[in-house]
Amino acid sequence: MVTQAQERQLLETAKVIAVVGYSNDPTRTSYQIGKFLKQVGYTVYPVNPSVSEIDGEKVYATLADVPKPIDIVNVFRRSEYLSGVVDEAIAVQAKAVWAQLGVFDNDAAAKAEAAGLTMVMDTCIKVSYNQLMR
């Protein structure tokens, strides 16, 4: 598990966040947090193969389609999909995977860490940002 100091460093140094499972529904948490991350200055790339556009911005089907190097892959998918997202994150050489509240898989975390990625699980990136960065 990462420490709060490691979370803070990750949030301070990250510039590009890919949000996997970003919804086009404004009532969904992934939409609200994606919008928040943009408001506080991150470049955010929505990743969702079933949506082509959110608020007039292009949505990417996979992490491999994101046009910039990814600092944090923020995951809004169920825990059983986390391992696959970690595989994609490793393939695109992302620096970290941040799984939202309720999303965790110890095997996926071990795989991410073995590949040199920072892994945060079962933690809301917005809550951490508000606690550590304000």
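Quick summary incoming for the structure in this document. Just so you know, these numbers come straight off a predicted model, no measurement behind them.

## Observations regarding unusual backbone geometry
Phase 1: Residue Gln-93 is not a glycine yet carries a positive backbone phi of 60°.
Phase 2: Relative to the helices and strands, Gln-93 is located in the loop between α3 (82–91) and β6 (96–99).
Phase 3: A relative accessible area of 69% places Gln-93 in the exposed class.
Phase 4: Backbone geometry at Asp-122 places phi at a positive 55°, although glycine is not the residue there.
Phase 5: Looking at the secondary structure, you find Asp-122 in the loop between β7 (118–120) and α5 (125–132).

## Brief notes about the side chain of Asp-71
Phase 1: With respect to the helices and strands, the residue Asp-71 is situated in the loop between β4 (57–58) and β5 (72–75).
Phase 2: Residue Asp-71 is classed as buried on the basis of its relative accessible area of 10%.
Phase 3: Side-chain polar atoms of Asp-71 contact the backbone nitrogen of Val-16, separated by 2.9 Å.
Phase 4: Those residues in contact with Asp-71 that lie beyond four places of it in its chain are Ala-14, Lys-15, Val-16, Lys-95 and Ala-96.

## Digging into the pattern of salt bridges
Phase 1: According to the stated counting rule, one finds five salt bridges in the structure shown.
Phase 2: The shortest N-O distance in the salt bridge between Lys-95 and Asp-71 comes to 2.9 Å. Placement of Lys-95 in the loop between α3 and β6 and of Asp-71 in the loop between β4 and β5 is noted, with a sequence separation of 24 residues between them.
Phase 3: Linking Arg-78 and Glu-80 is a salt bridge whose minimum nitrogen-to-oxygen distance equals 2.8 Å.
Phase 4: Given the relative accessible area of 52%, Arg-78 is considered exposed.

The rules we used
Think of each chain on its own: its residues are numbered from 1, step by step along the sequence as written. In keeping with the model being predicted, local features are shown solely for residues with a pLDDT of at least 70 and side-chain atom pairs are shown and tallied solely at 80 or more, while totals for entire chains, interfaces and linings include all residues. Here the side-chain values reflect all heavy atoms present in the structure, with hydrogen atoms and water set aside. Each helix is a run of H or I in the DSSP string that is no shorter than four residues. Each strand is a run of E no shorter than two, and both are numbered from the N terminus. Relative accessible area decides the class of each residue, using a 1.4 Å probe on protein chains only: under 20% of the type maximum gives buried, over 50% gives exposed, and in between gives partly exposed. Any N or O atom pair separated by 3.5 Å or less is treated as a polar contact, with the protein-specific requirement of one donor-capable and one acceptor-capable atom, and with residues adjacent in sequence counted only for side-chain atom pairs. The criterion used for residue contact is that any of the two residues' heavy atoms lie within 4.5 Å. A pair is scored as a salt bridge if a Lys or Arg side-chain nitrogen falls within 4 Å of a carboxyl oxygen belonging to Asp or Glu.

That's the geometry; what it means functionally is another story.
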